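These are the residues of each chain, in order.
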Amino acid sequence: MTINTPSHSLSIHDVASLDETLASLDLAGRLAFVAALGGRAVFTTSLGIEDQVITAAIGTHRLPIDVSTLETGRLFAETVTLIGETEERYDITIKRFYPEQDDIDAYAAKYGLNGFYDSVEARHACCHVRKLVPLAKALEGASFWITGLRRGQSGNRATTPFAEFNAERNLIKINPLADWDIAMIKAHVSSETIPINPLHARGYPSIGCEPCTRAIKPGEPERAGRWWWENDEKRECGLHVAEAAQASPLPSASQR
């Protein structure tokens, strides 16, 4: 299996070598190295504190990396406001990708607009409509997908590499902050005066859609406030796990 870029193809062995190379570089070096490999690199930001660190590096160093976000239609107002503030601060464009209205209508007809509270299946179906389908559009034609995943975010992410082959999307996933802990993130944000979501100061270390995110309690893991009504400690929306592992979603508008 190879991943094609305009300049060359990368084998699975090459991806392992890339992982080792990125481990030896700082954040800006990691991003610049990937950008120089050839092929389209896309960073998908949720506007959380980790992602703001990456966006700042891309903007500050004028790296040829596309910055995109999934505008789900259920984001906090603070998150939406931060999109514009970040674009202005770093003179970049953050491309918004939205869910299809037909998909939203079909979901509401089957589960109810807020049916995600009722079952894991319904919640996964909502994430599929509002996140996974737009993500596929954001990553069309990409050779590299850059994320803000960190090993310290949850047990499910404890072994996050710097580079990995994503078979589902046939691209290389780059996690340049894999080895950063939250103390490093906060220190960097402070030293570089990076704009962040004000919800972080109100007890929201991980911020997603408003109906599915709450502030965490003292001592809880960083992602405990996401889909808090579910019992599975490894719960995810499906962006960073194989979709086959999720409950059967509604077909998207393009599939009907």
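Cut-offs and rules
- Residues numbered from 1 in each chain as written.
- Predicted model: local features only at pLDDT ≥ 70, side-chain atom pairs only at ≥ 80, totals over all residues.
- Heavy atoms only, no water.
- Pairing = 2+ DSSP bridges.
- Helix = DSSP H or I, 4+ residues; strand = E, 2+ residues; numbered from the N terminus.
- Axes fitted to C-alpha atoms, helices over the stretch in contact; angles between N-to-C directions.
- Salt bridge = Lys/Arg side-chain N within 4 Å of Asp/Glu carboxyl O.
- Buried < 20%, exposed > 50% of the residue type's maximum accessible area, 1.4 Å probe, protein only.
- Core = buried A, V, L, I, M, F, W, Y, C linked by side-chain atoms within 4.5 Å.
- Contact = heavy atoms within 4.5 Å.

A. Region of the structure containing the sheet that holds strand S3 (residues 40–44). Spatial ordering of the open sheet is given by S5-S4-S3-S6-S8-S7, a layout of six strands whose pairing is mixed. The open sheet is flanked by strand S5 (94–97) and strand S7 (163–166), the only strands paired with a single partner. On average, each strand axis in the sheet is inclined to that of its neighbour by 30°, with strand direction left out of account. Pairing of S7 with strand S8 (residues 171–174), which is carried by four bridges, proceeds in the antiparallel orientation. Bridge assignment links asparagine 166 to a residue of S8, and that residue is leucine 171.

B. Here's a closer look at the pattern of salt bridges. This model, assessed by the stated rule, comprises 10 salt bridges. We note a salt bridge from aspartate 66 to arginine 40, for which the minimum N-O separation is 2.7 Å. Within this pair, whereas aspartate 66 is found in strand S4 (residues 66–70), its partner arginine 40 is found in strand S3, the two being separated by 26 residues in sequence. On the accessibility criterion, arginine 40 (28% relative accessible area) is partly exposed.

C. The arrangement of the nonpolar core in detail. In this structure, Leu31, Val53, Ile58, Ile65, Ile146 and Ile174 are the most contacted members of the largest nonpolar core, which totals 37 residues. The set of elements that each furnish at least two residues to this core consists of helix H1 (12–23), helix H2 (27–35), S3, helix H3 (49–60), helix H4 (77–90), strand S6 (142–146), S8 and helix H7 (182–192). Among the elements that line this core, the one with the most residues is H3, at six residues. Once residues lying within four places of it in the same chain are set aside, the contact partners of isoleucine 58 are Leu31, Phe43, Leu63, Ile65 and Val67.

D. Structural detail: the environment of phenylalanine 116. Here phenylalanine 116 shows up in the loop between helix H5 (101–111) and helix H6 (120–138). It is 8.7 Å that separates the C-alpha atoms of phenylalanine 116 and cysteine 212, two residues lying 96 residues apart in sequence.

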